[in-house]
Amino acid sequence: MLRRSTRPFSVATRLAKWNEIPLAPPDKILGISEAFQKDTNSKKINLGVGAYRDNSGKPIVFPSVKKAETVLLEKETDKEYTGIIGSKKYQDSVRNFIFNNSGKDASGAQLIKEGRIVTAQTISGTGSLRVIADFLKRFNSAQNIIVPKPTWANHVAVFTDAGLSADFYAYYDKENNDLDFANLKKSISDAADESVILLHACCHNPTGMDLTPEQWEEVLAIIEQKKLFPLVDMAYQGFASGSPYKDIGLIRRLNELVQEGKIPTYALCQSFAKNMGLYGERTGSISIIAESGSQAKAIESQLKKLIRPMYSNPPIHGSRIVETIFSDENLLSEWLADLDSVVGRLNVVRDKLYQKLDKTNYNWDHLLKQRGMFIYTGLSAEQVIELREKYSVYATEDGRFSISGVNEHNVDYLADAINQVIKK
Amino acid sequence: MASYFTEIKQLPPDPLFGLKARYTADPRSDKVDLGIGAYRDNNGKPWILPAVRGAEKKLIESPGYNHEYLGISGYEPFLTAAAEVILGANSRAISESAIVSQQSLSGTGALHLVAVFLNEFFAGNKTVYLSKPTWANHHSVFLSAGLKVDTYPYWDAENKKLDIEGFVSTIQNAPQGSIILLHPCAHNPTGLDPTPAEWNRILDAIAERKHLPIFDSAYQGFASGSLEKDAASIRTAIDSGKISSPIFVCQSFAKNVGMYGERVGALHVILPAGESAESKETLKSAIKSQLNKLTRSEISNPPAYGAKIVATVLTDPESRKQWEEDLVTMSSRIIKMRNELKLKLIGLGTPGTWDHITNQTGMFSFTGLTPDMAERLEKVHGVYLMSSGRASVAGLNDGNVDKVARAFDEVIRFCSKSKL
Ligand SMILES: Cc1ncc(COP(=O)(O)O)c(C=O)c1O
Ligand SMILES: Cc1ncc(COP(=O)(O)O)c(C=O)c1O
C-alpha cells in the first residue's frame, strides 16, 4: 500500500530544511516522450502516448469538434463561470448520452426519470476518479478499493492520495497473454465485503483485454453477493466497437441490476479525452446512481461542497464543445462517424502488425482479442529496452504499445524490429 | 438492502450561487444583480474582451492547433509569460531563476495546491491568517486541505476604512513562521487596499516574524487598469529581498482576461535570495516534482485552451496592446460607476458617508449595508447583493445606477427608522 511520506520543511530555519522535500519520481510515460524527443534516428517510433495519431503520425482534431469550435467562436457571448458541477445542459446531455443510450436503455431511462442519477462535470476522467475517491472517503462504509492488476498507471495514486487504501485483484495471465478469469473471480471473492471495486468499462488499460458478457454476469453476481460498490471507469467508450452506444453493455446491465434492486448503487467515471479527442481540454463527468431521488440531491450538494474549495468550477471550452455536438443532430452523427474512422484505423494497423509478426516461435493471437488504444504485447522489460536502444522504438517497460503510434509507413519497420528482438 | 451512504445530508447552496438562483427566478424586469463576481458592460451584458476574441481566432486558425494533453506542469509559454506579467520583467526572481511555476485551475486551484503542499511540507506554524473579512472560499480551501485558519483584522466597520494597526499587530503577535494570506490588490470583499507605506509596514512585520506570505492575485490590472500598480505589493515583497521565506503567488486570469470559466491560473513559488545555485536547483526540482505529483493525482494535467489563449494575449504584441486597453476599459467603467453611485447618494442626502465607495477599488464595494437592508433591497427593489453588504460594482451601469441609489436610500432610511 502506498502511503505518503510527510517530510516537513521548515521555512523559519532557512533553506537547508527545504532540501528534505524528497524528489517525487517522474511520470514514466513523460520520461519516454522526452527520450523520444531527443532521439535523432529518423525511423524512431513513439508507442508511449495514449493519444490518437493519424496515418502520418500526427495529432488530429476531430472534424466534428473543429466545427463545434467554429460555431462557438461565432456564437459564444460570454466566458462566465459555469456551475460548480458544470452547466445543467452539460449534465443533461451527458447523462442522457450514457444512461439513455439513444433510447435503448429502459432501466437507465427510468433511473433518470426517478432523479436517481447525479451527473457532474469534472476535470476529465482523472478528475472524476479523484472526486469520487474523495466522496467515498467521506461517505462510504468501506475505505478500500480493489483495482485490476495491472491497471492504468495513475489509478492507485489517485485513490491513495484521497486517503483510500488500494489493493489489486487478479486480472491478467502474463504467461498465456490472456485474461486470468479464474483468479479474477477468486480474488474478488476474497475481498472484504462492501469494498469498492474498480471496473474498466471497456478497452482495459493497459491490457486491452475485456470480459465477455457471460464473464461480466459471473463477476456481477459476486459483486451483488459481496455487496461491493462498483466504480466503473470509462475512458475509451467507443474504442472497442467503434460506437459509443455499443461499448456500454456493462452500464446497461448495471442499470438493470439497480432497477431490480440487486445492486443498490454504483458510480461511473467518464472521459471525453479519447473519444472526442479533447485530451487537454479536461472534459469528463462523474455520475453517481443513488438509492433514491432525495439521496441524489444530497449527494449532489456534497459534491459541490467537495469541489468548491478544490477548483471552484470546471473549464468550459471542452464542455461547450460537448454541449454543441450533443445538441445538433448533424454534428452528433458526424462525431460518431469521426470516432468510427479513428477506431477503424487502429484496427487496420493492429491487423497489419499481426500479419507481419513472426509466429514461428511466438503466439501473437492475443493481439486479435485486445481492443482499444493499446496492445499488451507480453514482451519483457529487457525486450522493450532492446527495442528502444537498438531500434528507437519507445514503449513502457510493461510491454504496452499504443497502436496509434503505428501506421502504414512504420508498421513494417516495427514488425521487423519486434521479430528481431523475439528471435533470441 | 445494504445502504451505502446513510449519512449524507443535503447542504444549503453556496450563498453566492443561491443569490444567483433567486435573481434568475425573479420576474421583475428592472432587477439588478450586484452579486455576480464578473464584469458587465454598460448594457449589463457579459463581455468577451476583444483581446481574447482576437487571440481565439488566431489560435483556432493556426496550423498546429490541437487538443493534445499538456505536460503536468502546464503550458510552458503560458507559465513563463504569466510569471513575467505578475513579477515584472526585471524581477529578481526571474533574473536569478528562482521560480517554480505550476499551471492551476484558476486562482482557486492555485490556492488549493499551496494549501495541500504546505500541509504536507511546511514545518512552521500550520495556521493560515486570513483577512477579516475575506473571499468566501478562502476558509474552506485551507481547512479542507488540513491547515488551521485564523484571521487578522482588516475592515474597520465603524470608520469604513482599513484597520492597519490591528492588521500589523496581529502579524507581529502570530507565532513565528506562520502563513499569511495577502490580497495584493482589490481586496475581496472590501475593495480596500493598503497604501504603499502601509504595505511596507505589513511586509516588514512578515519579514521580522519569518512568516510565509501567500499572495492571492485575482485582480491584477482590473483594479487600477495598470498591471504594474496592481502588482506592486508582490514585487516589493520579492525584490526588497527582506523576506527570508519562500513567497507563494496564486495567480488567476479569471477577471483580468475575462475568461472566468476557462480556469486559467498558476502557482508561482519564489525562492528567497542568496541561495547557492546548486541548492537552488535541487530545491526547485524537488518542489516541481511534488507539485507535479499532486497535480497528477488530482487532475493528471491542466486544461489547455485557456492557457493557450492567455499565452497569446500576453506574448503576441497586437493582442497584448489590445488587452492593456481592455483593462483600462473595464477598470475605468467601474471607477466611473463608483463615482456616480456616490454622487447620487450624496445628492439624495442618504444618511451616512460614502467616500469609501470611491476609495475602494476592483470589482467590489463593501457598502456598509446591513443584512436586513440587503434583504429589503432584494425583496422590495429587486436589487441583489450579498448579505454582507458586498456589492459588485460591475453590475452597475448608466441604466440602473439611479435606481440602485434610490433603492439604497430607501432601505437605509427604512431600516434605520425601524431600529429606533
Ligand atoms: C483507464 C483510464 N482511466 C482514466 C484515464 C484518464 O484520462 P483523462 O483524465 O485524460 O480523461 C485514462 C487515461 O489515460 C485511462 O487510461
Ligand atoms: C480573492 C479571490 N481569490 C481567488 C479567487 C478565485 O477565482 P478563480 O478560481 O475563479 O480564479 C477569487 C474569485 O472570486 C477571489 O475573489
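Residues numbered from 1 in each chain as written. Chains lettered and ligands numbered in written order. Predicted model: local features only at pLDDT ≥ 70, side-chain atom pairs only at ≥ 80, totals over all residues. Heavy atoms only, no water.

1. Overview of helix H3 (residues 88-100) of chain A
Our working definition: Summary of the burial criterion: residues with accessible area below 20% of their type's maximum are buried, those above 50% are exposed, and those between are partly exposed, where the area comes from a 1.4 Å probe applied to protein chains only. Helix numbers and strand numbers start at the N terminus; a helix is a DSSP run of H or I with at least 4 residues, a strand a run of E with at least 2.
The set of residues buried in H3 of chain A consists of Tyr 90, Gln 91, Ser 93, Val 94, Arg 95, Phe 97, Ile 98, Phe 99 and Asn 100 of chain A. Directly after H3 of chain A, the chain includes Asn 101 of chain A, whose backbone phi takes a positive value near 45 degrees.

2. Describing the interface of chain B and chain A
Selection rule: Here, residues are in contact when the closest pair of their heavy atoms is within 4.5 Å. Using a 1.4 Å probe, buried area is obtained as the accessible area two parts lose upon being combined, added over both of them. Just to be clear on terms, a salt bridge is a Lys or Arg side-chain nitrogen sitting within 4 Å of an Asp or Glu carboxyl oxygen. Under the rule applied, a polar contact is a pair of N or O atoms within 3.5 Å (in protein, one hydrogen donor and one hydrogen acceptor; residues adjacent in sequence only if both atoms are side-chain atoms). Ten residue types, Ala, Val, Leu, Ile, Met, Phe, Trp, Tyr, Cys and Pro, are classed as nonpolar, four, Asp, Glu, Lys and Arg, as charged, and the remainder, Gly among them, as polar.
Every contact between the two is made by 84 residues of chain B and, on the other side, 85 residues of chain A. When chain B packs against chain A, the two sides together hide about 7500 Å² of surface, and 60% of this comes from carbon and sulfur. Where chain B meets chain A, there are five salt bridges. Between the two partners, chain B and chain A, sit 30 residue pairs in polar contact (both at pLDDT 80 or more). At the level of elements, helix H2 (50-61), helix H5 (106-121), helix H6 (138-144) and helix H10 (277-299) of chain B are the ones that each hand at least two residues to the side of chain B that touches chain A. The dominant element in the side of chain B that touches chain A, judged by the number of residues it contributes, is H10 of chain B, at 14 residues. Of the residues belonging to the side of chain B that touches chain A, the class tally is 43 nonpolar, 24 polar and 17 charged.

3. Considerations on the pairing of strand E7 (residues 179-182) of chain B
Residues and elements named next belong to chain B. Rule in force here: Note on pairing: DSSP must find at least two bridges between two strands before they are called paired. We call a crossover right-handed when, viewed with the strands running away from us, the connection from the first strand over the helix to the second turns clockwise.
Neither face of E7 is exposed, since Ile 179 and Leu 181 on one face and Ile 180 and Leu 182 on the opposite face are all buried. Summarising the sheet, E7 and strand E8 (residues 212-217) pair through four bridges and their orientation is parallel. From the neighbouring strand, Ile 180 faces E8, where its bridge partner is Pro 213. Regarding the hand of the β-α-β motif, the stretch spanning E7, helix H8 (residues 196-208) and E8 is right-handed.

4. Re the UniProt feature "domain: Aminotransferase class I/classII large" (unreviewed entry) in chain B
What counts here: UniProt positions are given in the numbering used here, feature names are shortened, and annotations may be inferred rather than shown by experiment.
Mapped onto this numbering, the UniProt entry annotates "domain: Aminotransferase class I/classII large" (unreviewed entry) at residues 30-408 of chain B. The span residues 30-408 of chain B carries 47% helix and 15% strand; its end-to-end C-alpha distance comes to 15 Å.

5. Examining the packing of aromatic side chains
Residue and element names in this part refer to chain A. Threshold: The pairing test for Phe, Tyr and Trp rings, Trp by its six-membered ring, is centres within 6.5 Å, and the orientation test on the planes gives stacked under 30 degrees, edge-to-face over 60, and tilted for anything in between. By the criterion adopted, a ring carries a charge over it if an Arg CZ or a Lys NZ lies within 6 Å of its centre and within 35 degrees of its normal.
As enumerated under the stated definition, the model contains 27 aromatic pairs over all chains in all. An angle of 80 degrees between the planes, with centres 5.8 Å apart, marks the rings of Phe 326 and Trp 335 as edge-to-face. Residue class for Phe 326 comes out buried when judged on its relative accessible area of 16%. One cation-aromatic arrangement involves Lys 44 over Phe 36; the distance from NZ or CZ to the ring centre is 4.6 Å. The ring of Tyr 354 has Lys 359 lying over it, and the distance from NZ or CZ to the ring centre is 4.5 Å.

6. Here's the deal with the pattern of salt bridges
Residue and element names in this part refer to chain A. Per the stated rule, a full pass over the model turns up 47 salt bridges over all chains. A salt bridge links Glu 76 to Arg 320; the shortest N-O distance between them is 2.7 Å. Here the residue Glu 76 occupies a position in the loop between helix H2 (63-75) and H3, and Arg 320 occupies one in helix H11 (residues 316-326), the gap between them amounting to 244 residues. We note that Glu 76, like Arg 320, is buried. Of the charged contacts, one joins Glu 218 and Lys 185 as a salt bridge, the two residues approaching to 2.6 Å between their closest N and O atoms.

7. Examining the UniProt feature "domain: Aminotransferase class I/classII large" (unreviewed entry) in chain A
In the numbering used here, UniProt assigns the feature "domain: Aminotransferase class I/classII large" (unreviewed entry) to residues 43-418 of chain A. Between the end C-alpha atoms of residues 43-418 of chain A the distance is 14 Å, and the span holds 46% helix and 15% strand.

8. Regarding H11 of chain A
The buried fraction of H11 of chain A amounts to 11 of the 11 residues, a majority that puts the element mostly inside the structure. Within H11 of chain A, burial applies to Ile 316, His 317, Gly 318, Ser 319, Arg 320, Ile 321, Val 322, Glu 323, Thr 324, Ile 325 and Phe 326 of chain A. Next to the buried residues of H11 of chain A lie H2, H3, strand E2 (117-123), strand E10 (283-289) and helix H12 (329-356) of chain A together with helix H11 (305-315) of chain B.

9. Quick notes on the site of ligand 2
Using the following cut-off: Proximity is defined per residue: if any heavy atom of the residue lies within 4 Å of a molecule or strand, that residue is considered near it. Residue burial considers only the protein chains on display, and all accessible areas are found by Shrake-Rupley using a 1.4 Å probe.
Among the 13 residues in the neighbourhood of ligand 2, the closest are listed as Ser 106, Thr 108, Asn 188, Asp 216 and Ser 252 of chain B. Ligand 2 is flanked by residues contributed from chains A and B. Contact between ligand 2 and Asp 216 of chain B: a nitrogen atom at 2.5 Å from a side-chain N or O atom of the residue. The protein chains hide 96% of the 390 Å² of surface that ligand 2 would expose on its own. Each residue belonging to the shell around ligand 2 can be placed in one class, and the counts come to five nonpolar, five polar and three charged.

10. Looking at the site of ligand 1
Lining the immediate environment of ligand 1, one finds 15 residues, of which Ser 124, Thr 126, Asn 205, Asp 233 and Ser 271 of chain A sit closest. Per-site note: the chains with residues close to ligand 1 are chains A and B. Between Tyr 236 of chain A and ligand 1, the recorded distance is 2.7 Å, taken from a side-chain N or O atom to an oxygen atom. Contact distances for ligand 1 include 2.6 Å between an oxygen atom and a side-chain N or O atom of Ser 271 of chain A. With the chains in place, 95% of the 400 Å² that ligand 1 exposes on its own is no longer accessible.

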